[in-house]
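Here is what each chain is made of, one letter per residue.
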Amino acid sequence: MSSAALTRTPFDETGITTQVLRTDPVGVVLRADDRLADRATVHLRELADRQWFQLPADTDPIWRSYWSHPTDPDTGPVVRTVHECQQTVLWNGTVGLTPLGHPVPDGLVVVPLADKPPSSLVLAWTSAAHSPLIRSFVDVAAAIAW
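Residues numbered from 1 in each chain as written. Predicted model: local features only at pLDDT ≥ 70, side-chain atom pairs only at ≥ 80, totals over all residues. Heavy atoms only, no water.

**Quick word on the overall build of the protein chain**
Counting secondary structure elements, the protein chain contains 3 helices and 6 strands. Along its sequence from the N terminus, the protein chain presents helices and strands in the succession β-β-β-α-α-β-β-β-α. With respect to the three principal axes, the spread of C-alpha positions in the protein chain is 50 × 30 × 25 Å. Buried positions account for 39% of the 146 residues belonging to the protein chain. Taking all contacts inside the protein chain whose residues are at least 6 apart in sequence as the whole, residues at least 24 apart take part in 72%. Carbon together with sulfur atoms contributes 56% to the accessible area of the protein chain, which is approximately 8,100 Å² in total. With 11 positive and 16 negative side-chain charges, the protein chain shows a separation of 3 Å between the mean positions of the two kinds. (Helix = DSSP H or I, 4+ residues; strand = E, 2+ residues; numbered from the N terminus. Buried < 20%, exposed > 50% of the residue type's maximum accessible area, 1.4 Å probe, protein only. Contact = heavy atoms within 4.5 Å. Areas by Shrake-Rupley, 256 points an atom, 1.4 Å probe, with all protein chains shown as cover. Lys, Arg positive; Asp, Glu negative; His and termini not counted. Charge placed at Lys NZ, Arg CZ, Asp CG, Glu CD.)

Shown next as structure tokens:
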């Protein structure tokens, strides 16, 4: 059986083929009452002393490195879903990253990060899979204005 996934970069692409659908700048998710919430941009160094939510230890190391605390990925509450990420920022005042334009609930804001490379939204599938269904899916998805 072959399958495809809609995901974000970066991650370990060994044995995986990807098709970039779009590339988005990244921002930091903050509570609306955070002292940095009204800023036009934030730098990672300004967030180094903050508690960030963390991803599970078995998460792809490249993915975890990109989306986690810049110097200590093992700090803060462990989250597994976007909803959990947002809730830990609301409840605990932690911080984390999200693509710009990703909706956040009331009480949160996203401030662009000046010094973080963008993340691409990609379709990914096993390189060994040569299914016409996957190729058709990729072609249709790439043609849609994301």
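On we go.
**Re unusual backbone geometry**
A cis geometry characterises the amide bond from Thr9 onward to Pro10, with omega recorded as 0°. In this fold, Pro10 is placed in the loop between strand S1 (4–8) and strand S2 (16–24).

**Thoughts on the nonpolar core**
In globular proteins that are soluble, nonpolar side chains generally tend to be buried together. Counting 21 residues, the largest nonpolar core has Val28, Val42, Leu47, Leu97 and Leu113 as its most contacted members. Those elements that provide at least two residues to this core are strand S3 (26–31), helix H1 (61–67), helix H2 (82–92) and strand S5 (108–112). Excluding residues within four positions of it along the chain, Val42 makes contact with Val28, Leu36, Leu47, Val111, Pro112, Leu113, Ala114 and Asp115. The next biggest cluster of nonpolar side chains, apart from the first, holds 8 residues, and it includes Leu21, Trp125, Ile134 and Val138. (Core = buried A, V, L, I, M, F, W, Y, C linked by side-chain atoms within 4.5 Å.)

**Some words on the side chain of Arg64**
Here Arg64 lies in helix H1. Of the polar contacts made by the side chain of Arg64, one reaches the backbone oxygen of Pro56; its length is 3.4 Å. (Polar contact = N/O pair within 3.5 Å; in protein donor to acceptor, adjacent residues only side chain to side chain.)

These results come straight from atomic positions and should not be treated as a statement about function.
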